[in-house]
Amino acid sequence: MLYDALVGAEPGRIIWVSSGGMYTEPLAVDRLTMDAEVYNGTTAYARAKRAQVTLCEMMAERVDPGRLVVHAMHPGWALTPGVERSLPTFRRVVGPLLRSPDEGADTLVWLAASPRVATCTGGLYFDRERRRTHLLPWTRETSAEREALVALCDRLTRERA
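Below is a summary of the structure that appears in this document. (Residues numbered from 1 in each chain as written. Predicted model: local features only at pLDDT ≥ 70, side-chain atom pairs only at ≥ 80, totals over all residues. Heavy atoms only, no water.)

Where nonpolar side chains cluster on the molecular surface, the patch consists of Leu135, Leu136 and Trp138 and spans about 300 Å² of accessible area. Positionally, Leu136 belongs in the loop between β4 (129–131) and α6 (143–160). You can call Leu136 partly exposed: its relative accessible area is 33%. (Patch = residues over 30% accessible without salt bridge, like charges linked within 9 Å, V, L, I, M, F, W, Y side chains within 5 Å. Areas by Shrake-Rupley, 256 points an atom, 1.4 Å probe, with all protein chains shown as cover. Salt bridge = Lys/Arg side-chain N within 4 Å of Asp/Glu carboxyl O. Helix = DSSP H or I, 4+ residues; strand = E, 2+ residues; numbered from the N terminus. Buried < 20%, exposed > 50% of the residue type's maximum accessible area, 1.4 Å probe, protein only.)

The following block contains the structure:
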């Protein structure tokens, strides 16, 4: 529904804010949601971020890159209220290494404005560099899993429209 407005910028840009946490999970459309009794926030987060990066790649394949580019980015671990609240042990252990929110946003702002990435699309970026989307072979998705993700998104957006 936003396509016409986005391509008006020529090229428009969609930027997914993902996370390196996605490296730990494969795309499992049937496991994107969890029942309360088995819910694990870290796992749910990693699965959602994997789905975002997959959607980024798939969107990039389906739009005219001269009119719209799609990127995903990992901000690095930044000391945000969400990290403080959700991962207190992680914060204590890694605290001195955490980035400021401004440092975490740097690549996002660069992707939104840089001419260098105005004509390439579908990549995952960290610290202004394109990165691999899979570090572990068992996280690679099949074409069927990718299409199942699109079908789920289509169904959910129709239900909420």
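Next comes the rest of the description.
Looking now at the nonpolar core. Counting 12 residues, the largest nonpolar core consists of Val7, Ile14, Met22, Tyr23, Val53, Cys56, Ala60, Val63, Leu68, Val70, Ala72 and Leu124. Within the residue set of this core, elements represented by two or more residues are α2 (41–62) and β2 (68–73). Among the nonpolar cores identified, the runner-up in size contains 6 residues, and Leu27, Val29, Leu149 and Leu152 belong to it. (Core = buried A, V, L, I, M, F, W, Y, C linked by side-chain atoms within 4.5 Å.)

A word on the pattern of salt bridges. The tally for this structure, following the rule as stated, stands at 9 salt bridges. Among the ionic pairs, Arg62 bridges to Glu147, the shortest N-O distance being 3.2 Å. One end of the pair, Arg62, is in helix α2; the other, Glu147, is in helix α6, and 85 residues separate them in sequence. Residue classification places Glu147 among the partly exposed positions, given a relative accessible area of 42%. A salt bridge links Glu141 to Arg146; the shortest N-O distance between them is 2.8 Å. Using a relative accessible area of 15% as the deciding quantity, one classes Glu141 as buried. A cluster of three or more residues bridged by salt bridges with shared partners is formed by Glu57, Glu61, Glu141 and Arg146.

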